[in-house]
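Fold and contact review
What follows is the residue order along each chain.
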2 protein chains.
Amino acid sequence: MRLSRYFIPVTKDVSSDEKMIASHKLMMQTGMMRQNAAGIYSWLPLGFKVLKKIEQIVREEMDRAGAIEMLMPTLQSADLWRESGRYDAYGPEMLRITDRHDRGLLYGPTNEEMITDIFRTYVKSYKQLPLNLYHQQWKFRDEVRPRFGVMRGREFYMKDAYSFDLDEASARVSYQKMFAAYLNTFNRLGVTAIPMQADPGPIGGDLSHEFLVLADSGESEVYCDKAVLDVPPPGEGFDFEDHDALIEEMEKRTKFYAATDEKHDEAAYAAIPADRQVKARGIEVGHIFYFGTKYSDPMKAEVQTKEGELTAIHGGSYGIGVSRLVGAIIEASHDENGIIWPDEVAPFGAGIISMKPDAEDCAAVADDVYAKLTAAGKDPLYDETSDRAGPKFGRMELIGLPWQVTVGPRGVKNGVVELKRRATGEKEDVSVEAAIARITES
Amino acid sequence: MRLSRYFIPVTKDVSSDEKMIASHKLMMQTGMMRQNAAGIYSWLPLGFKVLKKIEQIVREEMDRAGAIEMLMPTLQSADLWRESGRYDAYGPEMLRITDRHDRGLLYGPTNEEMITDIFRTYVKSYKQLPLNLYHQQWKFRDEVRPRFGVMRGREFYMKDAYSFDLDEASARVSYQKMFAAYLNTFNRLGVTAIPMQADPGPIGGDLSHEFLVLADSGESEVYCDKAVLDVPPPGEGFDFEDHDALIEEMEKRTKFYAATDEKHDEAAYAAIPADRQVKARGIEVGHIFYFGTKYSDPMKAEVQTKEGELTAIHGGSYGIGVSRLVGAIIEASHDENGIIWPDEVAPFGAGIISMKPDAEDCAAVADDVYAKLTAAGKDPLYDETSDRAGPKFGRMELIGLPWQVTVGPRGVKNGVVELKRRATGEKEDVSVEAAIARITES
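Right, let's walk through the structure included here. As the structure is a prediction and not an experimental result, all values here were calculated from the model. Every residue gets a number counted from 1 within its own chain, in the order that chain's sequence is written. Here every chain gets a letter starting at A, and every ligand a number starting at 1, in the order they are written. For a predicted model such as this one, the threshold for reporting local features is a pLDDT of at least 70, and the threshold for listing and counting side-chain atom pairs is 80 or more; totals across whole chains, interfaces and linings nevertheless cover every residue. By convention in this description, side-chain values take in all heavy atoms of the structure and omit both hydrogens and water.

**Examining the nonpolar core**
Remark: nonpolar core denotes a set of buried residues (Ala, Val, Leu, Ile, Met, Phe, Trp, Tyr, Cys) joined through side-chain atoms within 4.5 Å. Remark: exposure states derive from per-residue accessible area (1.4 Å probe, protein chains only) relative to the maximum for the residue type, with buried under 20%, exposed over 50%, and partly exposed in between. Counting residues in hydrophobic clusters, the biggest one holds 214 residues, and the most contacted among them are Ile-54, Phe-186 and Trp-341 of chain A together with Ile-54, Phe-186 and Trp-341 of chain B. Residue contacts are counted whenever heavy atoms from the two residues lie within 4.5 Å of one another. The contacts of Phe-186 of chain A, once residues within four sequence positions are left out, are Val-191, Ala-193, Phe-211, Val-285, Gly-286, Ile-320 and Leu-325 of chain A. By size, the runner-up hydrophobic cluster in this structure holds 20 residues, among which are Tyr-370, Val-407, Leu-419 and Ile-436 of chain B.

**What about the packing of aromatic side chains?**
Stacked, tilted and edge-to-face are the three classes assigned to paired rings of Phe, Tyr and Trp, where Trp is represented by its six-membered ring and a pair needs centres within 6.5 Å; plane angles under 30 degrees give stacked, over 60 edge-to-face, the rest tilted. Here the structure, examined in full by the defined rule, presents 33 aromatic pairs over all chains. For the pair Trp-138 of chain A and Tyr-157 of chain A, a centre-to-centre distance of 4.7 Å together with 40° between the ring planes defines the contact as tilted. Here Trp-138 of chain A, found in strand E7 (residues 131–140), pairs with Tyr-157 of chain A, found in strand E8 (residues 155–165); they are 19 residues apart in sequence, far enough to count as distant. Pair check on accessibility: Trp-138 of chain A and Tyr-157 of chain A agree, each one buried. Among the aromatic side chains, those forming a connected cluster through ring pairs are Tyr-107 and Phe-140 of chain A together with Tyr-107 and Phe-140 of chain B. In this scheme, Lys NZ or Arg CZ marks a charge over a ring once it lies within 6 Å of the ring centre and within 35 degrees of the ring normal. The positively charged end of Arg-82 of chain B is found above the aromatic ring belonging to Tyr-87 of chain B, 4.4 Å away from the centroid. It is Arg-421 of chain B that lies over the ring of Trp-403 of chain B; its NZ or CZ is 4.6 Å from the centre. Elements are defined by DSSP. Helices are runs of H or I of four residues or more, strands are runs of E of two residues or more, and each kind is numbered from the N terminus.

**Focus: the sheet that holds strand E6 (residues 104–107) of chain B**
All names here are of chain B. Across the sheet, three strands lie side by side as E4-E6-E5; this open sheet has antiparallel pairing. Every interior strand has two partners, whereas the edge strands, strand E4 (75–77) and strand E5 (95–98), have only one. Averaged over all neighbouring strand pairs, the angle between strand axes comes to 35°, with direction disregarded. Between any two strands, pairing holds if DSSP finds at least two bridges. With four bridges joining them, E5 and E6 adopt antiparallel strand pairing. Counterpart to Leu-95 in the pairing with E6 is Tyr-107. The axes are straight lines fitted to the C-alpha atoms, using for helices just the contacting stretch, and the angles between their N-to-C directions are given from 0 to 180°.

**A closer look at the environment of Ile-436 of chain B**
All names here are of chain B. Note on placement: Ile-436 falls in helix H14 (residues 432–441). Looking at Ile-436, the relative accessible area reads 13%, which means it is buried. If near-sequence neighbours (up to four positions away) are discounted, Ile-436 is found in contact with Val-369, Lys-372 and Leu-373.

**A closer look at the pattern of salt bridges**
Residue and element names in this part refer to chain A. A carboxyl oxygen of Asp or Glu within 4 Å of a side-chain nitrogen of Lys or Arg is what we treat as a salt bridge. Taken as a whole and judged by the stated rule, the model has 77 salt bridges over all chains. The shortest N-O distance in the salt bridge between Glu-112 and Arg-86 comes to 3.0 Å. Taken together, the residues Glu-112 in helix H5 (residues 112–122) and Arg-86 in helix H4 (residues 86–89) connect sequence positions 26 residues apart. Assessed through its relative accessible area of 1%, Glu-112 is described here as buried. Here Arg-86 falls in the buried class, since its relative accessible area comes to 7%.

**Points about the interface of chain B and chain A**
Counting from both sides, the interface comprises 55 residues of chain B and, opposite them, 55 residues of chain A. Between chain B and chain A, roughly 4,600 Å² of surface is buried when both sides are summed, and carbon and sulfur atoms account for 63% of that area. At the junction of chain B and chain A, the tally comes to four salt bridges. One salt bridge in this structure joins Arg-34 of chain B and Asp-117 of chain A, with 2.9 Å as the shortest N-O distance. Two N or O atoms count as a polar contact when they lie within 3.5 Å, although within protein this holds only if one can serve as hydrogen donor and the other as acceptor, and sequence-adjacent residues are included solely when both atoms are side-chain atoms. Our enumeration of links across chain B and chain A arrives at 18 residue pairs in polar contact (both at pLDDT 80 or more). Broken down by class, the residue content of the side of chain B that touches chain A amounts to 33 nonpolar, eight polar and 14 charged. Accessible area, probed at 1.4 Å, shrinks when two parts are joined; the buried area is that loss added up over both. Note that Gly is not counted as nonpolar here; it falls among the polar residues with everything else outside the nonpolar set of Ala, Val, Leu, Ile, Met, Phe, Trp, Tyr, Cys and Pro and the charged set of Asp, Glu, Lys and Arg.

Shown next as structure tokens:
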């Protein structure tokens, strides 16, 4: 993409009446988003690209684990929530709406009721189980005090999956699949997310893990054994049908201590060797629950067993905060100059800075780099504007693409361009071919 | 995808208290969607796949025309609509919402106000023009009587683009680009959409075209010269920077008579040679407007001209009903046995029916077809269930994938499978290799 034909409204000065966390400030400065109302944001082109990349990785990993994608609407009928008893229980965070015919609607904060209604409509036999349906959709929670940008917005984008099983034993397998899929998902997103035993909270249930990314601005205090950070993810070739492997993936992490302050056990923490004790702050980016028959009982989501009897299904729900992750990744990966995007979620694969776009030889080399990186599928951002060098470098550094290729007059005379890795700051003068090769191999 | 691991709740009997149009009935029967409340639908896996394919084609064609993708939220501040004067003017179709702090929100039925606000925040100079920003997002219109399934739902998915230009001449070029992009978009979607002069309606403006797909269930009566149906689309290689070509694309269509009943001119219609007079019904799938300074004047969306003066920008908006198109395509393409998906939007590229999944030789051939079509990127749907032959054929016919490959015991003995083209009903016995080749070439 040529920067002159794109829309990245970079604004160095971000005024605000609240103390901003780094991700909020950086997203405003890089023109990734714009606040339209308290806790409600537009995703400007650069932010939108990142959101879509995260969405796609989440999708691929859910599909790999056997979950099936669909899409539920944002608005739901109030009656459905009366069936589960949550309409009155949910409190003022639920945005309640009345339509022109005085019927009660609400903006879905989550979808257990709706998916249970869909399930009971179509699924009648144990033969159709197990089933795991998921969607990625906008949700709304009317936070009293929305803050931290997209980290605690009101309208937010979430992946939520729902599993249906005949009994608890089978439901636990579904749970383990999601546990493993989450580890692969966060790994691909370039963050280390630690699974921690969690209180089930208002959603209910008895088996529950939160996944937290360590960052100074995290809302939770977390305590863990450093060893848990070093356990590798299941990986691309993981077999989700291998039950022993599923159990092992959970056990090799849960054997190490890891808890948020809510569940913290000081004695267990003290028993960790001192050099492995980690006390830090964390951002919740995923949450998985097994909740048994909490919804299937009141909503009569039942299937026929092999023996011909009706039984309420055992359910679980599995969330990932997709829009929140944009902020969480930035919190975990930035420096004083700007964002440092992990390769897989970077809005563009590389940035090209043309230092003298009006000098023919310079422009020709920069055009060549642009054409070659585009052909290689690296979707580069090409700064061919006539802005001065300082602002161009500062802007590219702020946006934080994984690689920067600078094409200047001196280098062009010597047949080289400057290749810089954003994460390490390492620079070297290399030929155009070598630069393309390095970026393409990464 | 193996059907036994997927979720397509086909239900032959669709009960309803309203007279259903074909697309509504077929979408219910094929388990593409489920109604959650009046005019509010869930997109079950099969329907979701089609919606995503349309979204992606719309995206590619918008990008090709130079529009830039972003994403605005579903909820908007009421204050923004008070600025343009539309908050009071819009009427009961606008879903008005009050949050916990008693602030006025609304579920966006369209986004002129919000995009104008974003524009005026960041764009200050003529140098940043022209600019065309678009998004694909859920919208809500509180229809008095939602009907016809996704064709007139309340929560619907729409692509809306907004152009910003320095003056009317330049705005007309932006308009022409969208006109050409729409022709390519609908062509790729497998439908013929006729551009017709339209009344600008409540959105305002003085240059406006609707794009209509001919179908018996269409809500509008349309009159046109048959010749307009035969003008080819601009095509993949079209140069959107060629102003003469842009004008020509409009002129070579608008020179033929085409109008909805609202704008119908009986005398002009009578002047068309009798054998070219077409009177039919049409479904509106797109609508483009040039509205000048209708929003930029009251909302002060101004830029500095070359001469240093402030001037209100000239705007246009360009909608495509993405969720509505799912229904419109079915209306235009089905028979008494079910849907006939155009290749580019089909939820799966081909269907494979394994007639004897428990016979080893049959299953091996069917598995082989599945593996090869998958490897060829045709994303086949593989019916390896133990259902009887009749229901399997009926279901595949109903779902309407472009190709069907039937693997039966007799054919396997003779080294052939049956290849059927859904649109024509043509069948032939061919080798597995020949079947793969035919499907891959299509």
